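Here's the letter readout for the chains.
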Amino acid sequence: KKLLFILFSFSAFAQQSTVEEIKYTPRHSMALLVGGTNRWIQVLPSRRDLIINYTELGLQYARETKPNVDVFGTLLYGLNGSRDRYASAGLGLRYYLRDRDKYKLKPFGQFAGEGLFDNNYNQTRSDVDFVGSIAAGVDYKVAEHWLLRGLAQVGFPFFVSGTLDPFNGRGTNFSTTLGLVFEWG
């Protein structure tokens, strides 16, 4: 019994002295985004193609869920030369292909879902689109907490309201975006 007690006591002491509590602090980031979007739409009955070009400005907040994986929310506002405007709100997941702590150049892939609202009545009857998108991009660390971001994204609508709907029209969104990112945590 004494030997069992001594072994148990030594085991508990050894475990207590070797276990270190490691606290994980997730990263957070806020990005200012500037870019352009081309909305390509084909009305199937007439086979007429429409391309609407927008210049966009937006904000994105991201939070790291585990190392090299972020969940993010994005708000964008776009306009073109006429009175056409659009706004979108989206949520997504970003996965970095390299360890962010070790490299200045950090490529990533992401996918997102977004609601896109436009006021282009002549071509889309002021519709609301729900879009799924995939993207590839890269972050480049320029200072301690500052990054530059480049991104190319393709979006595919899975539900469209207005005159263009999943049965009589198809479309894609292609956007290129540059961003300035502040990261903390």
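Use the structure listed above.
Since the structure is predicted, the reported quantities are computational estimates derived from the model, not experimental observations.

**Remarks on the packing of aromatic side chains**
And then number 1: The tally for this structure, following the rule as stated, stands at 4 aromatic pairs.
And then number 2: Ring centres of Trp 146 and Phe 182 lie 5.0 Å apart, and the angle between their planes is 55 degrees; this geometry places the pair in the tilted category. With Trp 146 in strand 7 (residues 146–160) and Phe 182 in strand 8 (residues 169–184), this residue pair connects regions lying 36 residues apart in the sequence.
And then number 3: By way of ring pairs, the aromatic residues Trp 146, Phe 182 and Trp 184 are connected into one cluster.

**Details of the side chain of Ser 29**
And then number 1: Position of Ser 29 among the secondary structure elements: in strand 1 (residues 28–43).
And then number 2: Among all residues touching Ser 29, those that are not within four sequence positions of it are Gln 60, Tyr 61, Ala 62, Val 181, Phe 182, Glu 183 and Trp 184.

**A short note on the nonpolar core**
And then number 1: If you look at the biggest cluster of nonpolar residues, it comprises 9 residues: Ala 31, Leu 33, Ile 52, Tyr 54, Leu 76, Tyr 86, Leu 116, Leu 147 and Val 181.
And then number 2: Contributing elements (two or more residues each) for this core: strand 1 and strand 2 (48–66).
And then number 3: In this structure Tyr 86 touches Thr 37, Tyr 54, Glu 56, Leu 76, Tyr 77, Gly 78, Leu 116, Phe 117 and Asp 118, once residues within four positions along its chain are discounted.

**So, the pairing of strand 3 (residues 69–79)**
And then number 1: Sheet topology places strand 3 next to strand 4 (residues 85–96); 11 bridges connect them, and they run antiparallel. Within the sheet, the bridge partner assigned to Val 69 lies in strand 4 and is Tyr 95.
And then number 2: What sits between strand 3 and strand 4 in their antiparallel hairpin is a turn of 5 residues.

**As for the pattern of salt bridges**
And then number 1: Within this structure, the stated rule accounts for 8 salt bridges.
And then number 2: A salt bridge links Glu 64 to Arg 27, with the nearest nitrogen and oxygen atoms 3.5 Å apart. Taken together, the positions of Glu 64 in strand 2 and Arg 27 in the loop between helix 1 (2–18) and strand 1 put the pair 37 residues apart, joining distant regions of the chain. Of the two residues examined, Glu 64 and Arg 27, each falls in the buried class.
And then number 3: The salt bridge involving Asp 139 is made with Arg 149; its shortest N-O contact spans 2.7 Å. Of this pair, Asp 139 sits in strand 6 (residues 128–141) while Arg 149 sits in strand 7, placing them 10 residues apart in sequence. The same class applies to Asp 139 and to Arg 149, which are both buried.

**Some points on empty space enclosed by the protein**
And then number 1: Here the structure, examined in full by the defined rule, presents 1 cavity of 30 Å³ or more.
And then number 2: Together, 26 residues line the largest cavity, and Thr 74, Leu 76, Glu 114, Gln 153 and Ser 175 are the ones closest to its centre.
And then number 3: Elements represented by at least two residues in the lining of the largest cavity include exactly strand 1, strand 2, strand 3, strand 4, strand 5 (105–118), strand 6, strand 7 and strand 8.
And then number 4: Residues belonging to the lining of the largest cavity are distributed by class as follows: 11 nonpolar, 13 polar and 2 charged.

Conventions we followed
- Residues numbered from 1 in each chain as written.
- Predicted model: local features only at pLDDT ≥ 70, side-chain atom pairs only at ≥ 80, totals over all residues.
- Heavy atoms only, no water.
- Phe/Tyr/Trp six-rings, centres within 6.5 Å; stacked < 30°, edge-to-face > 60°.
- Helix = DSSP H or I, 4+ residues; strand = E, 2+ residues; numbered from the N terminus.
- Contact = heavy atoms within 4.5 Å.
- Core = buried A, V, L, I, M, F, W, Y, C linked by side-chain atoms within 4.5 Å.
- Buried < 20%, exposed > 50% of the residue type's maximum accessible area, 1.4 Å probe, protein only.
- Pairing = 2+ DSSP bridges.
- Salt bridge = Lys/Arg side-chain N within 4 Å of Asp/Glu carboxyl O.
- 1 Å grid on protein atoms, 1.4 Å probe; cavity = no way out; pocket = protein on both sides within 12 Å on 5 of 7 lines; lining within 4 Å.
- Points joined across faces, edges and corners; volume = space filled by probe spheres on them.
- Nonpolar A, V, L, I, M, F, W, Y, C, P; charged D, E, K, R; others polar.

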